[in-house]
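Coordinate analysis (summary)
For reference, the chains in residue letters:
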Amino acid sequence: MPQTIIEKIWNQHVVDQQEGAPAILAIDLHLVHEVTSPQAFTGLRSRGLKVRRPDRTVATADHSIPTTPRTLPIADEMAAAQVKQLEANCAEFGVPLHGWESPNQGIVHVIGPELGLTQPGATIVCGDSHTATHGAFGALAFGIGTSEVEMVLATQCLLQRKPKTYLVRVDGTLRPGVSAKDIILALIARIGVGGGTGHVFEYAGSAIRALSMEERMTICNMSIEGGARAGLVAPDETTFAYLKGRPHAPQGADWDAAVARWRTLASDEGATYDKEIVIDANTLEPMVTYGTNPGMGLPISGTIPNPADEADPAAARALTRALEYMDLRAGDSIIGRPVNTVFIGSCTNGRISDLRLAANVLKGHTVAKGVRVMVVPGSADVKRQAEREGLDTIFRDAGADWREAGCSMCIAMNGDQLAPGEYAISTSNRNFEGRQGKGGRTFLASPLTAAATALTGVIADPRTLPGMSR
Amino acid sequence: MAAPKVGTFTTGLVPLPAENVDTDQIVPARYLKVVNKAGLADALFHDWRFEADGTKKSPPFVIDEPRYAGHGILVVGDNFGTGSSREHAPWALSAFGIKAIFSTSFADIFKSNALKNGILPIVLPAPLHATLMQIAKEDLAATVTVNLAAATMTTPDGATHRFPIDAFSQKMLLEGLDELDYIRTQRDKIMAHETAHPGTINTLQPNAPR
């Protein structure tokens, strides 16, 4: 019977399946960070257990660390204690740590691929919902809670029920000014934030095949915003080219054997899915969110929807509340809305290709007066690469703030945050109430749209930039 | 840490008729800097409950209304718990005294986290959900009895309804069994699987030749 890649990876990792019980699923890679792990290590300690496979576990500090120069101490005492606790836990349990001063530090979903730890066909988990990012390599990667972090630390396994499958086929060619972020925002706007619940997405089609690994990561990253715990792309030559030679990728004969195995992962001809959707890349515009969940997005040329047009009373209520929180008016155009802050970074769009796109827009220009532009590389490695290319100088010369690597204003738990009532256009993944600071208001968009907005101080269509003619 | 045990309980309802309530609302991220599970009751729905100076909003957010004090079932809108995987959300709900949540659907990770902390995420058909939401708003004395062993709930009109729960979670919660202990009973199978599937990932050693 033909199988999808999701079923193939699942079947290869089932250790045991008792009737009526969830499967015991073997986990190949466990990523750990400071925020969702301390209680799990405490649990191990109280049970007298060890980390069973330190060689399949890797930690970094990303969420609560400041993005100010690393020579400064962590000013927030609770954040400092949390980072210290991670260091102590990793030392005690033998877990390799790329700590906050390490040259390999970075957002956990940026460093896994960089180091070559993220590999096709693997099961990958982390106490972090954006673990879906690693699906870009054809891995089954999903976020877990802290109780599950403890289970994986102790056993390298997890109890899981087989997910349903959801094919997202994106065919056609993206127009200039339209990018991977716009594909995923368009999908979520179409199916809603609960559309993928209980499912794993497989992204396929000619538009997905044409994407770089970094663009595929942007798409898989936001699977969770569409309700799916995981989303993946079958590995291909683009995947292998990205991985080859990375520090933890297989080498020599091991590499050849691995690639041969990875080639068999693609979904079989005739495999069926529980759900399917087709998106035409040719017709996509840059997308911007206007509301308080990532499903509340619209093409940038569109106008803010009216609750009166919503047939479903619950949706109308939610929209009314969202527009109130955002202080936006139905019928207004999204283009031209003023912003106070532009945030370029996060596990969604904090990689080198994202920074190159933004720098290309800002080069030789100055950001709009009164607008704070924060550029936060996704990892120390991305930062070094950007500096080798002179991107930091471009950003600084334009009046943007060039910072150290971390999650920063995507989750706003490290002091990088909006003031109440402020608006940000952000390349991150969540526009929930208060996500970027209590009372802050978020427009989600691509790096191109964010950079175009930085120049004008109001939401701007990147297709109007030089070199982006339709 | 002992695994939670759940049996039969009778408690009042609290109406929270919002759709897609995300875990950033349940526990804002700045409360995730804790290294233990204690003291999260005040973080629960913090920014909906408290003013900037830390005083409770007036009128208070629904869970702080005196008339709902001690009520242990939240009746919420669709797709509750969307967003971040933070288990701090069920820790905070549990610390506040929430035993069950009635909705028409839950986000996957939240549902899994809730069950691990003895909170029942109960999915109801839309008409029954709407009825209970109405009762929660209007009849403060109304209680619901949840019987996990029978997977039933008895509503204020005396009717008994079955609710869906997978047999495994039901058994674990009824008997107070621990999922980690359960996995560890399969140690031999885990070892055998690992031997058969050595894999190519090694976090300790770059370029590890095998």
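Every value quoted in this text rests on a predicted model; they were computed, and no experiment measured them.

Description of the interface of chain A and chain B
Taken together, the contacts link 71 residues of chain A with 53 residues of chain B. Sorting elements by how many residues they give to the side of chain A that touches chain B places helix H5 (residues 146–155) of chain A first, with six residues. Its residues assigned to classes, the side of chain A that touches chain B comprises 31 nonpolar, 28 polar and twelve charged.

Things to note about the domain arrangement of chain A
All names here are of chain A. With domains assigned, chain A is organised as domain 1 (5–275) and domain 2 (286–461). Facing 39 residues of domain 1, the contacting portion of domain 2 comprises 36 residues. Of all the secondary structure elements, the ones that give two or more residues to the side of domain 1 that touches domain 2 are helix H4 (108–115), helix H6 (180–191) and helix H8 (213–221). The dominant element in the side of domain 1 that touches domain 2, judged by the number of residues it contributes, is H6, at six residues. When grouped by side-chain class, the residues that make up the side of domain 1 that touches domain 2 number 15 nonpolar, 16 polar and eight charged.

Examining the nonpolar core
Ile 183, Val 342, Ala 358, Leu 362 and Val 375 of chain A are the most contacted members of the largest nonpolar core, which totals 161 residues. Here this core spans two domains, and each of domain 1 (5–275) and domain 2 (286–461) of chain A adds at least three residues to it. Residue contacts for Ile 183 of chain A: discarding those within four places in its chain leaves Val 170, Ala 207, Ile 219, Ile 279, Ala 281 and Leu 284 of chain A. Ranked by size, the runner-up nonpolar core spans 46 residues in total, among them Ile 73, Ala 92, Leu 93 and Ile 135 of chain B.

Observations regarding the sheet that holds strand S17 (residues 401–402) of chain A
Residue and element names in this part refer to chain A. Sheet architecture is open: five strands sit in the order S17-S16-S15-S18-S19, paired in parallel fashion. In this open sheet, the two edge strands, each paired with only one partner strand, are S17 and strand S19 (441–444). The strands that helix H16 (residues 447–456) touches are strand S15 (341–344), strand S16 (372–375) and strand S18 (423–426); relative to S15, the one it contacts most, it runs at about 150°.

Rules of the game
- Residues numbered from 1 in each chain as written.
- Chains lettered and ligands numbered in written order.
- Predicted model: local features only at pLDDT ≥ 70, side-chain atom pairs only at ≥ 80, totals over all residues.
- Contact = placed C-beta atoms within 7 Å.
- Helix = DSSP H or I, 4+ residues; strand = E, 2+ residues; numbered from the N terminus.
- Nonpolar A, V, L, I, M, F, W, Y, C, P; charged D, E, K, R; others polar.
- Domains from an automatic or database assignment.
- Core = buried A, V, L, I, M, F, W, Y, C linked by C-beta atoms within 7 Å.
- Buried ≥ 20, exposed ≤ 12 C-beta atoms within 10 Å, placed from the backbone.
- Pairing = 2+ DSSP bridges.
- Axes fitted to C-alpha atoms, helices over the stretch in contact; angles between N-to-C directions.

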